[in-house]
Amino acid sequence: MTSVLYFLIIIIVSYGLGKRLLDFLLRDPGSRVEDFVFSTGLGLGIIGYAVYAIGSMGFLYLHYVLAVLIVCGILAISPAIKYFYRFKHLGIKDFVFGLSLFEKMLLAVLIVIPVVCLFGVLSPEIGNDALSYHIYHPKVFIENHKIGYISFSRESLWPYLTEMFFTIGLLFKSVTMAKMFHYFFGILSALSVFAFARRFFGKKEALLSSALFYSAPGIFMQSVYSYIDLSLCFYSFVALYLIVLWNENNDAGILILAGVFAGLSSAVKLLGGITFAALFAIILFISLRRRLSSNSILKNLFIFCGAALLISSVWYLRSYAILKNPVYPFLDRIFTSGWDDKLGEAMGLRRDLIGFLRLPWDLVMNMHKFGEEQIGILSLILLPYLAFLNFKEVRIRIPSAFLLAYALIWFIVDQNIRFIFVGIAVLCILLSAGFYNALRRYNLNIIKALVSLCIIFNLSLCVYYNRNSIKLAIGQMSEETYLNNYERTYPVALFINKNTRPGSVIISIGEPRFFYFDRSMRDYYIWKQVSKETLSAYIERLKKSEDVFLLLRDDVAPYEEIQRLVKNRPAIFILPREVEESKTACYHIYRL
């Protein structure tokens, strides 16, 4: 639990640090929730970039990061104390007063789900992408004491802002602390949805929209892993939030803030560029609708783009400087490096107008085609209530335009549900506003009962998905048993770590999850894309200085050169494991 305490201290420091910057750009936040969301998001961004700066210079040691955190803490003391002093004036009784049984149920769900998910956060990491690179690469950075390109990797030069937070957790030798950051971004996302809906609609709409969002199975399931999709959702949504505020106030400071948050979303993930593009189009449309002069339009676009690019460009410039491709390995036909990764081509059902119009149905009923994450049946049940919205209202029109633009680009680029979480957040607000508009005209008690049942069902799903983590927490299962049962690579990694010398090189065919291996890992698929050597020549070169082993998963495509390499060669280790639900493969290890 010490790691949880350290994490909470970092969040408090992040708030105070971000608050100092926020006060320069936004004079009067609409609520304490809004203040906390904006300030903490900014503060986390500052800390993430500080870690990146330290690591890029080759000083990635705990004591340097601690020194930076202490300096940030000193700067954060005054604003943090002022904020938390006001907690006794929160007015919780006033907020709860007047809520119906339905809204009280929503409030209870919003409290219970993060508590249940905390059990998942406290358990060892078993997420696929987390073990493949989200926390594996920070582990390598720490071993090298430097943040930079990892040879034969696809992702290590991607925008890695969230991974900087994971790096902090691993520097404290705590995977739990690393996982806490993504979990917290899920909470921040729900709070930002709540703050937006309360500011522009009302507290009832705020409760329903945030409950719809946070009780969506895809959201709470993602929150227990060291992933980055909820941080992308948070920064993207707050950028939209600020554009709506800017449209009301026409304040350049708010537009700068919107650019900063759009830049932070692009610093989290390449797909953060979708947020930037959608908001750029909205700012242009708003400016044209106001019939501003050309100079004023260019000024607005320059402020937004300048802030966004200033924040995010460092990640893309370093990739270009090292590999001559700012979005490596994509767009290889334009730049001089990379390959046709075909990422996202397998996602979705169809890429035409009918497919786009069918998305609300397909994302619910055919989720296995969109990455398996579930958004829940409630989005379909409440979809007709969009008809009760007045799309002439700015508070409706701008989020709707953003949702449409974001969804269209996402539909073309990569139809993975995880990558449109911000769209789900916006949709939840629109559905809630439409539902309460209808409720003011008609008696919808049956629909309210149905919505309540669906949300409670999602809560039960949350408990079900975290059942093994709960068993671990209450002592019914050991950590060793948990990992042996639910992480396919764990026993393989144990064998490698115990039976090979430090410095040995492991060439992996078909298995990208490297986190639990304490040896130098090579992904054969990536090596094959970038190396000009034959595999035999590469292995012979490695063997001059290191022991070399081959890790083969027998369910992968039978590469001819691999078959020749292992022919008549006995495996030193063979272990069948369930690699996917109802699918088993054998791991073979060969000494080369």
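Note that the structure is predicted; figures quoted are calculated from it, not measured.

Scoring rules and cut-offs
- Residues numbered from 1 in each chain as written.
- Predicted model: local features only at pLDDT ≥ 70, side-chain atom pairs only at ≥ 80, totals over all residues.
- Heavy atoms only, no water.
- Helix = DSSP H or I, 4+ residues; strand = E, 2+ residues; numbered from the N terminus.
- Rg over C-alpha atoms; globule rule 2.2 N^0.38 Å.
- Buried < 20%, exposed > 50% of the residue type's maximum accessible area, 1.4 Å probe, protein only.
- Contact = heavy atoms within 4.5 Å.
- Pairing = 2+ DSSP bridges.
- Axes fitted to C-alpha atoms, helices over the stretch in contact; angles between N-to-C directions.
- Salt bridge = Lys/Arg side-chain N within 4 Å of Asp/Glu carboxyl O.
- Core = buried A, V, L, I, M, F, W, Y, C linked by side-chain atoms within 4.5 Å.
- Phe/Tyr/Trp six-rings, centres within 6.5 Å; stacked < 30°, edge-to-face > 60°.
- Lys NZ or Arg CZ within 6 Å of the ring centre and 35° of its normal.
- Lys, Arg positive; Asp, Glu negative; His and termini not counted.
- Arc of directions from axis to C-beta.
- Disulfide = S-S within 2.5 Å.
- Expected span 1.5 Å × (residues − 1).
- 1 Å grid on protein atoms, 1.4 Å probe; cavity = no way out; pocket = protein on both sides within 12 Å on 5 of 7 lines; lining within 4 Å.
- Points joined across faces, edges and corners; volume = space filled by probe spheres on them.
- Nonpolar A, V, L, I, M, F, W, Y, C, P; charged D, E, K, R; others polar.

**Focus: the overall build of the chain**
Okay, step 1: Secondary structure assignment for the chain yields 27 helices and five strands.
Okay, step 2: For 592 residues, the compact-globule estimate of 2.2 N^0.38 gives 25 Å, and the chain sits close to it at 25 Å.
Okay, step 3: Classification of the 592 residues of the chain by burial places 57% in the buried group.
Okay, step 4: Considering only residue pairs separated by 6 or more positions, the chain has 73% of its internal contacts joining residues 24 or more positions apart.

**Regarding the pairing of strand β1 (residues 505-509)**
Okay, step 1: In terms of residue burial, β1 counts as a mostly covered element, since five of its five residues are buried.
Okay, step 2: The side-chain alternation of β1 yields two buried faces, one formed by Val 505, Ile 507 and Ile 509 and the other by Ile 506 and Ser 508.
Okay, step 3: Sheet topology note: the β1/strand β2 (residues 520-523) ladder contains four bridges and is parallel. Within β2, the position partnered with Ile 507 by the bridge is Arg 522.
Okay, step 4: Of the pairings in the sheet, the one linking β1 to strand β3 (residues 548-553) comprises five bridges and is parallel in character. Of the residues in β3, the one forming a bridge with Ile 506 is Phe 549.

**Re the sheet that holds strand β4 (residues 573-580)**
Okay, step 1: One open sheet holds the five strands; their spatial order is β2-β1-β3-β5-β4, and the pairing between them is mixed. At either margin of the open sheet sits one strand with a lone partner, and together these are β2 and β4. Averaged over all neighbouring strand pairs, the angle between strand axes comes to 25 degrees, with direction disregarded.
Okay, step 2: Bridge count for β3 against strand β5 (residues 583-591) is five bridges, and the pairing is antiparallel. Counted as the bridge partner of Leu 552 is His 588 from β5.

**Considering the pattern of salt bridges**
Okay, step 1: Under the definition given, this model contains 24 salt bridges.
Okay, step 2: Where Asp 23 meets Lys 19, a salt bridge forms, and the shortest distance between an N and an O atom there is 3.1 Å. Taken together, the positions of Asp 23 and Lys 19, both in helix α1 (residues 2-25) and four residues apart, correspond to about one turn of that helix.
Okay, step 3: The exposure class of Asp 23 is partly exposed, given its relative accessible area of 42%.
Okay, step 4: Residue Lys 19 is classed as buried on the basis of its relative accessible area, which comes to 13%.
Okay, step 5: The partner of Arg 358 in a salt bridge is Asp 362, and the shortest N-O contact between them spans 2.8 Å.
Okay, step 6: In this structure Arg 358 comes out as partly exposed when scored by relative accessible area, which is 33%.
Okay, step 7: Each of Asp 129, Asp 229, Lys 269, Glu 373 and Arg 418 takes part in a single network of salt bridges with overlapping partners.

**Let's talk about the nonpolar core**
Okay, step 1: Judged by nonpolar contacts, the single largest core of 195 residues is most densely connected at Phe 261 and Trp 410.
Okay, step 2: For Trp 410, the residues in contact, after removing those within four places along its chain, are Ile 274, Leu 359, Leu 363, Phe 370, Gln 415, Asn 416, Ile 417, Phe 419 and Ile 420.

**Points about unusual backbone geometry**
Okay, step 1: Here Tyr 328 and Pro 329 are connected by a cis peptide whose omega angle stands at 5 degrees.
Okay, step 2: In this structure, Pro 329 sits in the loop between α15 (294-323) and α16 (353-357).

**A word on the packing of aromatic side chains**
Okay, step 1: As enumerated under the stated definition, the model contains 48 aromatic pairs in all.
Okay, step 2: Summarising the aromatic geometry, the rings of Tyr 6 and Phe 172 are spaced 5.1 Å apart at their centres and angled 40 degrees between planes, so their arrangement reads as tilted. With Tyr 6 in helix α1 and Phe 172 in the loop between α8 (161-171) and α9 (175-200), this residue pair connects regions lying 166 residues apart in the sequence.
Okay, step 3: The class for Tyr 6 is partly exposed, based on a relative accessible area of 36%.
Okay, step 4: Pairing Phe 36 with Tyr 83 gives two aromatic rings, centres 6.0 Å apart and planes at 25 degrees, and the pair type is stacked. Residue Phe 36 is found in helix α2 (residues 32-56), and its partner Tyr 83 is found in helix α3 (residues 62-85); the two are separated by 47 residues along the sequence. Accessibility classification places Phe 36 together with Tyr 83 in one group, the buried group.
Okay, step 5: The lysine or arginine in question, Arg 290, covers the ring of Trp 246, its NZ or CZ lying 5.0 Å from the ring centre.
Okay, step 6: Of note, Arg 467 hangs over the ring of Tyr 464, and the distance from its end group to the ring centre comes to 3.9 Å.

**Quick look at the side chain of Asp 523**
Okay, step 1: As for its position among the elements, Asp 523 is in strand β2.
Okay, step 2: Buried charge without a partner: Asp 523 forms no salt bridge, and the closest opposite charge is Arg 154, 8.0 Å away.
Okay, step 3: The residues contacting Asp 523, other than those within four sequence positions of it, are Ser 508, Pro 512 and Phe 514.

**Concerning helix α26 (residues 535-543)**
The α-helix advances 3.6 residues per turn, and as a result positions three or four apart in sequence lie on the same side.
Okay, step 1: All of the buried residues along α26 are Leu 535, Tyr 538, Ile 539 and Leu 542. In a view along the axis of α26, the buried residues occupy a sector of 95 degrees, so they form one face of it.
Okay, step 2: In this structure, the buried residues of α26 make contact with β1, β2, α25 (524-530), β3 and α27 (560-566).

**Considerations on the state of the cysteines**
Okay, step 1: Across all of its chains, the model carries zero disulfides by this definition.
Okay, step 2: Of the cysteine sulfurs around Cys 454, a residue in no disulfide, the closest is that of Cys 428, at 13 Å.
Okay, step 3: Judged by its relative accessible area of 14%, Cys 454 is buried.
Okay, step 4: Note on Cys 462: no disulfide assigned, nearest cysteine sulfur contributed by Cys 117 at a separation of 3.6 Å.
Okay, step 5: Looking at Cys 462, the relative accessible area reads 0%, which means it is buried.

**Digging into α2**
Okay, step 1: Here α2 contains 25 residues, and its C-alpha end-to-end distance of 36 Å stays within 8% of the 36 Å for a straight helix at 1.5 Å per residue.
Okay, step 2: Among the 25 residues in α2, 20 count as buried, and that is most of the element.
Okay, step 3: Gly 58 occupies a position one or two residues after α2 and carries a positive phi of about 85 degrees.

**Here we look at empty space enclosed by the protein**
Gaps between atoms show up when a probe of the same size as a water molecule is rolled over them.
Okay, step 1: A complete count under the given rule lists one cavity of 30 Å³ or more for this structure.
Okay, step 2: By volume, the largest cavity is sized at about 110 Å³.
Okay, step 3: Surrounding the largest cavity, Leu 212, Ala 216, Ile 375, Gly 376, Leu 378, Ser 379, Leu 382, Ile 424, Leu 427, Cys 428 and Leu 431 form its lining.
Okay, step 4: Residue assignment for the lining of the largest cavity shows that the elements contributing at least two residues are α18 (378-381) and α20 (421-439).
Okay, step 5: Among the elements that make up the lining of the largest cavity, the one with the highest residue count is α20 (four residues).
Okay, step 6: Of the residues that constitute the lining of the largest cavity, the class distribution is nine nonpolar, two polar and no charged.

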